[in-house]
Amino acid sequence: MIIFELKKIWRSRILWIFLIILFILNVYQINALSNLAKGNSETFNMAREQIYSKVCGKWSNEKTEFIVTNYENAAKIVSSGAYSTEPDQEGTYTGYIFGDFSLFSEFYDEMNYMYNYSETMKATLDKARENVTFFEGKGNKYLAKQNEQIISLYQNRSIDAYYKTNGAYSLISYDFSSLFILLLCIFCFSSIFSREYETQMYPLLKLTTNGGLKLASSKVLAALISSLIISLIFYVADFICFYVFFDINCLSNPIYSIMDFKNTPFSCSIGQYLLIMLTYRLIGIITISFIYLLCSCIFSDEILSFCACIAVTAMLVFKGGDFNPVMLFTIRDLHKKYTVCNVFKNPIMSHIILLAIMIIVSVLLCIIVIALSQRRYRENHSLKKLLNNWKERLIL
């Protein structure tokens, strides 16, 4: 039954055309972002690659001195104002001294952040230890636990190598593919029940050996599998395209080597974090897919069901709010800093609570969809009425 329902979803030519068009648009968008990030100056990009090839990898005195010396020399010349604006200047990487200053400033800031990260965290840890002693003395167990958790999460951190993280951060921040996935899920699932309600085929199918609960469960499972297939097609394509277009080679570096993730509670590598983020996004897709199935269950008309799915999507995307499944697509915002909720006087991180709630909501929606699909036709479609309808059709 599940294979049969999957074939019903994927045999649509329009779905394949729609999928291919959105896939091409997605690749084009990533390529456009890559070109925008590189800028228009080929000389500047070549200079960046030349310098990067010298300093990337494990830390060494030679690498750090190379960047610091060139940065300070360029900064001294620029600050004095005694520099030429003519192109192709001798002894420069970009062709002119101000370009070198801009380029070495970029490397200096990134390397300075990564090299001194562990020292920066020491101040945070020292403050947390002071807070533990203070709050224990005041009898505030919750805030003492919270600071103990901060110490546990942020201790023993260091960045042992320098790699550019711009491409990885662009991948983490990319959301267009999630929108395309939702559009495809609407197209696939808005009619999964309503089409058979509209044609009055569902009551007939319920009378078969594999009808009833088994039929509804097969439809839900087929939708779940299809949503995962669609999601993985786009998210895997995202990774491959960003990896190629942005030349990502920082996957083994810790996630906090990205400046925006300085205060993240995660200590995993960037590659591992991408898998964590994928898990959150898949849960979000599953939750919203069940909402689409619910719309298909409620409305007997395909067009009404489609419009309802569009309206729900627009409300979730634009209205926002707490505990919204769309938040799982932008979960990076919760992952960038340490945020907790007080759960029975225990600090539980907000992203874990959100994930748990969405899993519970998904399970409840699944149960509601299956139950509603059974109830509708027990109340509104008797076998006698069904046979009369088919008899009238045969007479006509």
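Refer to the preceding data block for the structure.
Residues numbered from 1 in each chain as written. Predicted model: local features only at pLDDT ≥ 70, side-chain atom pairs only at ≥ 80, totals over all residues. Heavy atoms only, no water.

Here's the deal with the overall build of the protein
The cut-off we apply is this: Put simply, DSSP H or I for four residues or longer makes a helix, DSSP E for two residues or longer makes a strand, and each gets a number counted from the N terminus. Accessible area is worked out with a 1.4 Å probe on protein chains only. A residue is then buried under 20% of its type maximum, exposed over 50%, and partly exposed in between. Contacts between residues were defined by any pair of non-hydrogen atoms, one from each residue, lying within 4.5 Å.
The helix and strand tally for the protein stands at 17 helices and 4 strands. The 396 residues of the protein split such that 44% are buried. The contacts in the protein between residues at least 6 apart in sequence include a share of 77% that link residues at least 24 apart.

A word on helix α14 (residues 302–319)
Condition: For a helix, the expected span equals 1.5 Å multiplied by the residue count minus one. Taking the helix axis as origin, the arc is that swept by the directions to the C-beta atoms. For the purposes of these results, a polar contact is taken to be a pair of N or O atoms within 3.5 Å, where, inside protein, one atom must be able to donate a hydrogen and its partner to accept one; residues adjacent in sequence count only when each atom of the pair is a side-chain atom.
If you check α14, its first and last C-alpha atoms are 25 Å apart, about what 18 residues at 1.5 Å a residue would give, namely 26 Å. Among all positions in α14, only S305, A308, C309, V312, T313 and L316 are buried. Across the axial projection of α14, the buried residues extend over an arc of 135°, all falling on one side. In α14, those exposed residues whose orientation departs by more than 90 degrees from the buried face are I303, F318 and K319. Looking at where α14 begins, the residue whose side-chain oxygen comes 2.9 Å from the main-chain nitrogen of I303 is D301. The first or second residue beyond α14 is G321, which carries a positive phi of 105°.

Some remarks on the side chain of T313
Within the secondary structure, T313 sits in helix α14. On the basis of relative accessibility, which here comes to 12%, the residue T313 falls in the buried class. Not counting the four nearest positions on each side in its chain, T313 is found in contact with L182, I186 and Y292.

It is worth stressing that arrangement in space is one thing and function is another; only the former is reported here.
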